[in-house]
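Commentary on secondary and tertiary structure
Below, each chain spelled out in residue letters.
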Amino acid sequence: MRLYIGALFFASLTVIFVIMIYIRLYVKKRRFFAKQAMTSELNHWISEALLEETPVEIEVSPTLRHYLRKPIHRQYIADSLINVRKNISGAATGNIVRIYEQLGLKKDSLEKLRSMRWYRRSRGIYELYMMGQREAMDEIARYTNSRNEVVRNEAQTATVGFNGFAGLSFLTTLTHPLNAWQQLKLLEQLNKLDIEEMPHLPQWLTSSNAYVQLFALKLTDIYQQFAMYDLVIRCLSSPSEAIRRQATTTIRRITGTPPAILKELFAGETAANKRNILRQFAVIGSAEDVPFLQAQLQDPDDSIKLEASRAMARCEGWDTFEQMAVNNEVLTSIGKQVKYEMGL
């Protein structure tokens, strides 16, 4: 009897398992054919949109209208149009956006934007930005200081995408982190634009948010904002090692010379920042800096000695270095490496 019950149990499990596999395959098959049908009609519209410079009107077939009733199919169409929009430019983009709007997909994106779920909200922001829905700009801008990092980053990207340099205004009130990857993305966006005035740059350089200060220093560096010299000098005394390091690089790039204050602050810096300061002297130092660089050859940290040696080689101080390297195995080894690097 027990054997019979056991066999019946396992037979039942097998039947259930087979039914589940069948249902799964059936659903996948239906989705496959649905995507094929939608893709076929989309490709026809997209081809027309790319060829026509004038606005196109689309005629939705009963089959596609049926598919559009399901959110998963609407999302597939929205994703397809966004992928096309990312890879084209010119008048054709307007027609792709027109298809997006005529199919009612803008409404879906707005609903996502207003969702309480962060992943839907971030997706809504992305879709509205990619489809150039500038009328949603003010609503998107409200999330540039969102507690959720993904939502915040998408909103910041969209705001700068819509407004260019003026879109950086969110930095004034930003209280959350601006991570390195997001800073890079924003700089890449700005790199495609003509430079504009940044009236809030002094405020960002003195912000209580260290991430904003760091990003402002990068803006000062890249766009050669020499008028910010005094504020950049102040950043050299920041409690943040990263801000001091960026300020060191920025001050050299906007002035063309490493200021004397770098020598004054050198002794109290971290090893990483000391190396960075020495790299600035290696780029635009002069013979006047050789005594300072020579003193760093006494540092117990060999990496400091190496950077000082590289700087001396570029500041007409190599003869001095070689004199100090006599009977000094460490400096002799460093000297060989520097010579190899510079082809001396």
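Whatever comes next refers back to the structure up there.
So, how was this worked out
- Residues numbered from 1 in each chain as written.
- Predicted model: local features only at pLDDT ≥ 70, side-chain atom pairs only at ≥ 80, totals over all residues.
- Heavy atoms only, no water.
- Helix = DSSP H or I, 4+ residues; strand = E, 2+ residues; numbered from the N terminus.
- Buried < 20%, exposed > 50% of the residue type's maximum accessible area, 1.4 Å probe, protein only.
- Salt bridge = Lys/Arg side-chain N within 4 Å of Asp/Glu carboxyl O.
- Patch = residues over 30% accessible without salt bridge, like charges linked within 9 Å, V, L, I, M, F, W, Y side chains within 5 Å.
- Areas by Shrake-Rupley, 256 points an atom, 1.4 Å probe, with all protein chains shown as cover.

The phi torsion at Glu316 lies on the positive side, around 60 degrees, for a residue other than glycine. One can find Glu316 in the loop between α17 (302-314) and α18 (318-325). Of the residues examined, Glu316 reaches a relative accessible area of 71% and is grouped as exposed. The phi torsion at Asn327 lies on the positive side, around 65 degrees, for a residue other than glycine. Within the fold, Asn327 resides in the loop between α18 and α19 (329-342).

Moving on to the pattern of salt bridges. Under the counting rule described, the total for this entry stands at 16 salt bridges. Glu127 is paired through a salt bridge with Lys112; the nearest N and O atoms lie 2.8 Å apart. Of this pair, Glu127 sits in helix α6 (residues 118-130) while Lys112 sits in helix α5 (residues 105-113), placing them 15 residues apart in sequence. On the basis of relative accessibility, which here comes to 8%, the residue Lys112 falls in the buried class. When salt bridges with common partners are traced through the structure, they connect Asp79, Lys112, Arg123 and Glu127 into a single cluster.

Together, Trp118, Tyr119 and Val150 line one region of the surface with nonpolar side chains, adding up to about 310 Å² of accessible area. The class of Trp118 is partly exposed, set by a relative accessible area of 44%.

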